[in-house]
Amino acid sequence: MNQDYYKKQLDEVFKEFNTDSKQGLDKKVLEEKRERYGLNKISESRGVSFWQILLNQFKDLIIIILVIAAFLAFLIGDNLEGFAILAVIVFNTIIGFVTEYKAQKAVSSLKNVLSKKAVVLRSGAKKEIEAEELVPGDIIFIEEGDQIPADARLIDAKNLSINEASLTGESESVSKEADLKIEEEKPLAERNNMIYMGTTAARGKGKAVVTATAEDTEIGKIGEMLDETKEGKTPLEKRLDKLGKSLVTITLIVIAILTAIGIFMGRPIYETVKTGIALAIAAVPEGLPIIATITLAIGMKKMVEHKALVRELLAVETLGSVTTICTDKTGTITENQMTLKKIYLNNHVIEISGTGYKPEGEFFLDDEQIDPVESDELKLALKASLLCTSAELVEEEGEYHVLGEATEGALLTAGRKAGFSKETLKEEGYQKLAEIPFDSKNMYMAVSYALPQGEKHLYLKGSPDVVIEMCDSILLDGEIKKLTTEDINKIKDKNKKLGEEGLRILGVAFKKVEDLNTEEEIENNLEKGLTFLALTAIIDPPRESVIKAIQDTKKAGIKTKMITGDQTDTAAAIARKVGIEGSDNVVSGQQISSASSSELRELIKNNSVFSRVTPENKLQIIEILNEEKEITAMTGDGVNDAPALKKADIGVSMGKRGTSVAREASDMILLDDDFATIVTAVREGRVIFDNIQKFIYYLFSNNLSKIIYIFLGIIFRLPLPLLAMQILWINVVIDVFPALSLAWESEEDKIMEKEAKTERDIMDKSFKKKVAVHSFILAAAPMVLYAWVLNSGYSLELSRTLSFSVLAFIQLFHVFNARRKSGIAFDKTVLENKYLWLAIAVGFIFQLGAIYLPALQRILSTVPIPPELFLPGLIAFLVPMLLIQILNIL
């Protein structure tokens, strides 16, 4: 469907849709259009189903390897090992499913819906219908507060202003003009004779002809783009896949080498293959999926405590891997609440503290606090500003919001900070007489009031140039003086400077007049004779936490790019205030759209601030960054952000003001809508990655040490030093609890000062080398002990029991080597992890039971260890522990 209706004359639009502005669609045409266009309904995402969440738990390659390992265990008759592995798979599935299902339920509770009702003109009669019954050509009526039910070309607009933030990202509402003529191409944010589905009327009323419904609307096209956008695997999924492939390789190598050596040494082929398979099963860390799942679940819980709801377990760690954060401006970096920050009057700038609509703040002149009530000029300017508004400031459960224009909300809030409100002034005797609403042509609003003392005042606010033109005097030092050319130049100069700071400027003026009872009488007094009072400077201010958060991302080597549908000057000013690099060079959406492939890549790589971007532009930015191997986080709240949210490695939507479409497309929801929460989540993600790497090191080095231990026994032609049940005991009973305790380890020093890397393997070269060396050290001491005790005349059962116990205790306490990546393990934080000490205590008691309890002796083929072997056993235990600590410190 042709979408250039903003360029067409109204007569052309009426003709194309076979409609009439005064009668609307007749019954016959309406039926034809219903048949042709169907319902005005955008198909909604059904979310993630119960079965989909369940199946997601089996997508991990390591789980698939465990299933194969269980099958092999049953095949060789090792039923206990097989059932133990199956128990691990079931337990892991339950934990992962329950955690993700809870998160998805939390998301569904946040959902909102599009407009349900519409007022329409059909066959000359005005009536209310379900919005889904609208068709192109319908004539609709819009009132203040209405949600726009379809895309439409305006026929008539009276003081109409639309909040298009969810569609364009622009923080201020947009004034609309029905008779505006546009001939050249314009971005959606500048098509001011159109209104769009999903946006809201902030002020005024209008009449329009529907030009698009359902999937043909701008919001519908974004939905189609969202469906076409494919999600990639998370970095952790890629790493675990790589790890799984490494496990397959290791397992096959173990089977091949041990089988070949056994056959070469003359051992029976069946027994040799069976031993090889048993060891291959031992090489698979059964506890890894459970521990990884629980670690991610703990991270998920911690993030919720920090106001970040993560929808999928694997996304938790992704945050720690992020190298580039692409953030929306409005409501994420900024408060999404317009605030009056400065007032220029009496040749001075007065600054006002506080942000948002909460009426708390102080007034400062030259950094010294002042009482606004004691300044006649300031008091009059504030009263004139707040009385010349049609909006309302409303408090609900301690939260303030504005009904009407956001900029007027800023004026109302500033008045309350000084102790004034419309309500209190009314109680004092202020009585409203007449009003001229704001009009985008005239660029001003005017009201008249009768004051308690009998005077009548006209109050005016609007574009500074328009206001100045209506003034011939100025209030200075408590006196009304003639407005000179020098005064005008000063005001215009200050207006320019404040505008360069990204502030929206309104001029304020007043006039004492007798006859102000009607709109006509106000108009008669506006041409000249007003007294200039002040310039008010308003902005959607940055959140207080954002500046430090962006500094933290810089230290962490994470790049921040601001992507907004707002104007270039505003984008540059906000980026400058919060410390985003490259704020002087803002790239527009038009530049992105017109750039060649190579130019686009350079534009996106080398710039950090993007303005007036479309949903397509946002998606292009994410795609280019992903191609450059960046790990991307994208934040957004509007429907226009959804495709980019889905494409990014981790999409971050807003919980308070985000649309349901954005939330469904995202991986994480900020419950407080604060950029600083992302940085907190990045920190937590890094801790999780570290802890995952720690327990993988712990499990792999322990499992590899058992293989080396048995391999050394075969090489030296010793009796099998470890039985299958003893291997299973160490794997499932001794190793799992200490590994699990590592999920609660505190963060490493300077974790947010480590450079973010686009490629970060769990098992890089240094990690593999560390595992190999440490595994050999862990295996060597028990093997020496085993050979010595065996050759000293002790029985095979006792020799095996002693070496098995020493190996178990070494692997139990090896968790201390794992808890810190480098340096000494017993640092000042060693007592903070109570679960680690609990795991040590449980493991120690279980291993003593394995040696001395008759029931376990029968299962594990152990015998009591005599006291004379305690010292050799202690030495064999301490030597590898000390050696690894020395290597970690070096």
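Peer 1: Before we move on, can you summarise the overall build of the protein with the specific residues and values?
Peer 2: Per the secondary structure count, the protein includes 33 helices and 28 strands. Going through the 890 residues of the protein one by one, you find that 57% of them count as buried. For the protein, the exposed area adds up to about 38000 Å²; of that, 54% sits on carbon and sulfur atoms.

Peer 1: Would you mind going over the environment of K127 in detail, with residue names and values included?
Peer 2: When you line up the elements, K127 lands in strand β2 (residues 125-130). Placed 14 residues apart in sequence, K127 and F141 show a C-alpha to C-alpha distance of 9.8 Å. The contacts of K127, once residues within four sequence positions are left out, are A118, V119, V120 and R122.

Peer 1: Which residues make up the sheet that holds strand β23 (residues 559-563), and what are the values?
Peer 2: Reading across from one edge, β8-β28-β27-β26-β9-β23-β25-β24 is the order of the eight strands in this open sheet, with mixed pairing throughout. Looking at which strands have only one partner, the edges of the open sheet turn out to be β8 (308-310) and β24 (586-588). On average, adjacent strands in this sheet sit at an angle of 20° to one another, irrespective of strand direction. Across four bridges, strand β9 (residues 324-327) lies against β23 in parallel orientation.

Peer 1: Give a description of empty space enclosed by the protein that names residues and reports values.
Peer 2: For the structure on display, the rule yields three cavities of 30 Å³ or more. In this structure, the largest cavity spans a volume of roughly 60 Å³. Lining the largest cavity, in full, are Y344, L345, N346, N347, I474, L475, D487, I491, F532 and L533. If you list the elements that add at least two residues to the lining of the largest cavity, you get β10 (339-345), β19 (471-476), α16 (485-500) and β22 (530-539). In terms of residue class, the lining of the largest cavity is built from seven nonpolar, two polar and one charged.

Peer 1: A description of the pattern of salt bridges should follow, citing residues and the corresponding values.
Peer 2: Per the stated rule, a full pass over the model turns up 35 salt bridges. For the salt bridge of E405 with R203, the shortest nitrogen-to-oxygen distance reads 2.8 Å. In this pair, E405 sits in the loop between β15 (399-403) and α13 (406-417) while R203 sits in strand β7 (residues 200-212), placing the two residues 202 residues apart along the sequence. The two residues E405 and R203 agree in class, both being buried. Salt-bridge contacts for E218 lead to K221; the nearest nitrogen and oxygen are separated by 3.3 Å. Of the two residues, E218 and K221 are both situated in helix α7 (residues 218-228); the distance of three residues between them amounts to about one turn of the helix. Classification of K221 as partly exposed rests on a relative accessible area of 35%.

Peer 1: Tell me about a nonpolar patch on the surface, and name the residues and values.
Peer 2: Nonpolar side chains collect at one region of the surface, where V773, L871, L874, I875, L878, V879, L882, L883, I886, L887 and L890 lie side by side and expose about 1000 Å² of accessible area between them. Residue placement: V773 occurs in helix α28 (residues 765-791).

Peer 1: Give a description of the packing of aromatic side chains that names residues and reports values.
Peer 2: In total, this model carries 10 aromatic pairs according to the counting rule given. When the centroid spacing of 6.2 Å and the interplanar angle of 25° are considered together, the rings of F813 and F816 count as stacked. Summarising the aromatic geometry, the rings of F813 and F877 are spaced 5.4 Å apart at their centres and angled 80° between planes, so their arrangement reads as edge-to-face. With a gap of 64 residues between them, F813 in helix α29 (residues 796-813) and F877 in helix α33 (residues 870-889) connect regions that are remote in the sequence. A connected cluster of aromatic rings, assembled from ring pairs, spans F813, F816, W837 and F877. Taking NZ or CZ as reference, K383 lies 5.2 Å from the ring centre of F420, over its face. The aromatic ring of Y697 is capped on one face by K770, whose charged end is 4.7 Å from the ring centroid.

Peer 1: Break down the confidence of the model for the protein for me, citing the residues and quoting the values.
Peer 2: Detailed conclusions should not be drawn from predicted coordinates in areas where pLDDT is low. With 88% of its residues at a pLDDT of 70 or more, the protein has an overall mean of 85. Confidence drops under pLDDT 50 across residues 106-114; counting only partners more than four residues distant or on other chains, this segment forms 22 contacts.

Peer 1: Any details on the packing of α28 against α33? Residues and values, ideally.
Peer 2: The interhelical angle for the contact between α28 and α33, taken along N-to-C directions, is 165°, at an axis separation of 9 Å. By the angle between their directions, the pair α28 and α33 is classed as roughly antiparallel. Once α28 is placed against α33, the crossing between them reads as right-handed. On α33, the residues touching K770, V773, H774, I777, L778, A781, L785 and W788 of α28 are P872, G873, A876, P880, L883, I884, L887 and N888.

Peer 1: Tell me about the nonpolar core, and name the residues and values.
Peer 2: In a soluble, globular protein the nonpolar side chains are often hidden away together inside. Residues L460, L526, M668, F675 and W729 are the most contacted members of the largest nonpolar core, which totals 147 residues. When residues of this core are assigned to their parent elements, the largest contribution, 20 residues, is made by helix α25 (residues 675-715). The residues contacting W729, other than those within four sequence positions of it, are I734, F804, F846, Q847, A850, L856 and L860. Judged by nonpolar contacts, the second largest core, of 41 residues, contains L378, L387, M445 and F510.

Peer 1: Tell me about the pairing of strand β14 (residues 392-396), residues and numbers included.
Peer 2: Alignment of β14 against β15, held across five bridges, turns out to be antiparallel. Along β15, the bridge assignment pairs V394 with H401. A loop of two residues connects β14 with β15, the two strands running antiparallel in sequence, and E397 in this loop sits at a positive phi of about 55°.

Peer 1: Provide a residue-level description of the pairing of strand β18 (residues 456-462), including the pertinent values.
Peer 2: The buried count for β18 comes to six of seven residues, which makes it a mostly enclosed element. Here strand β17 (residues 444-450) pairs with β18 via seven bridges, running antiparallel. By the bridge assignment for β18, Y444 is matched with G462. Count of turn residues in the β17/β18 antiparallel hairpin: five residues, of which G454 carries a positive phi of about 105°. Of the pairings in the sheet, the one linking β18 to strand β21 (residues 504-512) comprises six bridges and is antiparallel in character. When the sheet's bridge partners are listed, K461 is paired in β21 with V508.

Thresholds, definitions, all that
Residues numbered from 1 in each chain as written. Predicted model: local features only at pLDDT ≥ 70, side-chain atom pairs only at ≥ 80, totals over all residues. Heavy atoms only, no water. Helix = DSSP H or I, 4+ residues; strand = E, 2+ residues; numbered from the N terminus. Buried < 20%, exposed > 50% of the residue type's maximum accessible area, 1.4 Å probe, protein only. Areas by Shrake-Rupley, 256 points an atom, 1.4 Å probe, with all protein chains shown as cover. Contact = heavy atoms within 4.5 Å. Pairing = 2+ DSSP bridges. Axes fitted to C-alpha atoms, helices over the stretch in contact; angles between N-to-C directions. 1 Å grid on protein atoms, 1.4 Å probe; cavity = no way out; pocket = protein on both sides within 12 Å on 5 of 7 lines; lining within 4 Å. Points joined across faces, edges and corners; volume = space filled by probe spheres on them. Nonpolar A, V, L, I, M, F, W, Y, C, P; charged D, E, K, R; others polar. Salt bridge = Lys/Arg side-chain N within 4 Å of Asp/Glu carboxyl O. Patch = residues over 30% accessible without salt bridge, like charges linked within 9 Å, V, L, I, M, F, W, Y side chains within 5 Å. Phe/Tyr/Trp six-rings, centres within 6.5 Å; stacked < 30°, edge-to-face > 60°. Lys NZ or Arg CZ within 6 Å of the ring centre and 35° of its normal. pLDDT = per-residue confidence, 0-100. Parallel < 35°, antiparallel > 145°, perpendicular 65-115°, else oblique. Left-handed = near helix turned anticlockwise from the far one by under 90°. Core = buried A, V, L, I, M, F, W, Y, C linked by side-chain atoms within 4.5 Å.

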